[in-house]
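Below are the chains, spelled out letter by letter.
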Amino acid sequence: MALMTWKDEFSVKVAEFDGHHKQLISMINNLDEAMRQGKGKDIVGDILKKLVNYAGFHFAAEQKIMQQHEYPGYADHKDKHDKMTAKVMALQNDYQSGKASLTIEVFKFLTDWLNKHIMETDKKYSEYLNSKGIK
Ligand code: FEO
């Protein structure tokens, strides 16, 4: 995969969250680059550590704004965050127990996060939050 760059189509129209999502793209690129050099395994532990922190920090930030503005899709969105958090924790447990082929799984998880969660779920809040003055 060629290095991924930020595109307008990724924007959720809230600058703070676009900023957070750019960090996700950076993790995808770091892992992709390492995999192409045959060094994916060397950094997958570090990526997972970052991902656990990132998920906690980013999901809490989105949920706080959604709750503050009584976003109607809050419960569904939080449920998706909870499932992704559980998946990140499971990946980390697998890493700690030495499971093989984890690098590809983590890579797929990251790209799904971008292509599915951001593009499908996050984008649903754009118009609502913008209408509340959050941009
Ligand atoms: Fe940007 Fe709902 O995560």
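Residues numbered from 1 in each chain as written. Predicted model: local features only at pLDDT ≥ 70, side-chain atom pairs only at ≥ 80, totals over all residues. Heavy atoms only, no water.

Draft legend 1. A look at the side chain of His117. Within the element layout of this structure, His117 appears in helix α4 (residues 102–121). Judged by relative accessible area, which is 5%, His117 ranks as buried. Residues in contact with His117, not counting those within four places in the same chain, are Glu62, His77, Lys80, His81, Met84, Asp112 and Asp122. (Helix = DSSP H or I, 4+ residues; strand = E, 2+ residues; numbered from the N terminus. Buried < 20%, exposed > 50% of the residue type's maximum accessible area, 1.4 Å probe, protein only. Contact = heavy atoms within 4.5 Å.)

Draft legend 2. Molecular detail of the layout of surface pockets. Here the largest pocket is characterised by a volume of approximately 160 Å³. Lining of the largest pocket is provided by Lys80, Met84, Phe109, Asp112, Trp113, Lys116, His117, Glu120 and Thr121. Of all elements in the fold, only α3 (74–96) and α4 reach the threshold of two or more residues within the lining of the largest pocket. Here the lining of the largest pocket is built from residues that sort into 3 nonpolar, 2 polar and 4 charged. (1 Å grid on protein atoms, 1.4 Å probe; cavity = no way out; pocket = protein on both sides within 12 Å on 5 of 7 lines; lining within 4 Å. Points joined across faces, edges and corners; volume = space filled by probe spheres on them. Nonpolar A, V, L, I, M, F, W, Y, C, P; charged D, E, K, R; others polar.)

Draft legend 3. Spotlight on the packing of aromatic side chains. Within the structure shown, the criterion is met by 7 aromatic pairs. Residues Phe17 and Tyr125 carry aromatic rings whose centres are separated by 5.9 Å and whose planes lie at 65 degrees to one another, so their mutual orientation is edge-to-face. Of this pair, Phe17 sits in helix α1 (residues 15–36) while Tyr125 sits in the loop between α4 and α5 (126–131), and the two are 108 residues apart along the sequence. Each member of the pair, Phe17 together with Tyr125, is buried. Each ring, one from Phe109 and one from Trp113, has its centre 5.7 Å from the other, and the planes form 75 degrees; the classification is edge-to-face. Of this pair, Phe109 and Trp113 both sit in helix α4, 4 residues apart, which is roughly one turn of the helix. Take Phe109 and Trp113: they sit in the same class, and that class is buried. (Phe/Tyr/Trp six-rings, centres within 6.5 Å; stacked < 30°, edge-to-face > 60°.)

Draft legend 4. How the structure looks around α3. For α3, with 23 residues, the first-to-last C-alpha span of 33 Å sits near the 33 Å given by 1.5 Å per residue. For α3, the complete set of buried residues consists of Tyr74, His77, His81, Met84, Val88, Leu91 and Gln92. On its buried face, α3 is in contact with α2 (40–68) and α4. Positive backbone phi, approximately 75 degrees, marks Gly98, located one or two places after α3. (Expected span 1.5 Å × (residues − 1).)

Draft legend 5. Up close: the nonpolar core. Counting 36 residues, the largest nonpolar core has Leu24, Leu51, Val106, Leu110, Trp113, Leu114 and Tyr125 as the members making the most contacts within it. When contributions to this core are tallied by element, the ones reaching two or more residues are α1, α2, α3 and α4. In this view, Leu24 contacts Leu51, Tyr54, Leu110, Trp113, Leu114 and Ile118; residues no more than four positions away in its chain are not counted. (Core = buried A, V, L, I, M, F, W, Y, C linked by side-chain atoms within 4.5 Å.)

Draft legend 6. Spotlight on the packing of α3 against α4. Axis separation between α3 and α4 bottoms out at 11 Å; the angle between their running directions is 170 degrees. Between α3 and α4, the crossing angle belongs to the class labelled roughly antiparallel. Each of His77, Lys80, His81, Met84, Lys87, Val88, Leu91, Asp94 and Tyr95 in α3 lies in contact with α4, whose residues at this interface are Leu102, Glu105, Val106, Phe109, Trp113, His117 and Thr121. The class makeup of the residues in the contact of α3 with α4 is 8 nonpolar, 4 polar and 4 charged. (Axes fitted to C-alpha atoms, helices over the stretch in contact; angles between N-to-C directions. Parallel < 35°, antiparallel > 145°, perpendicular 65-115°, else oblique.)

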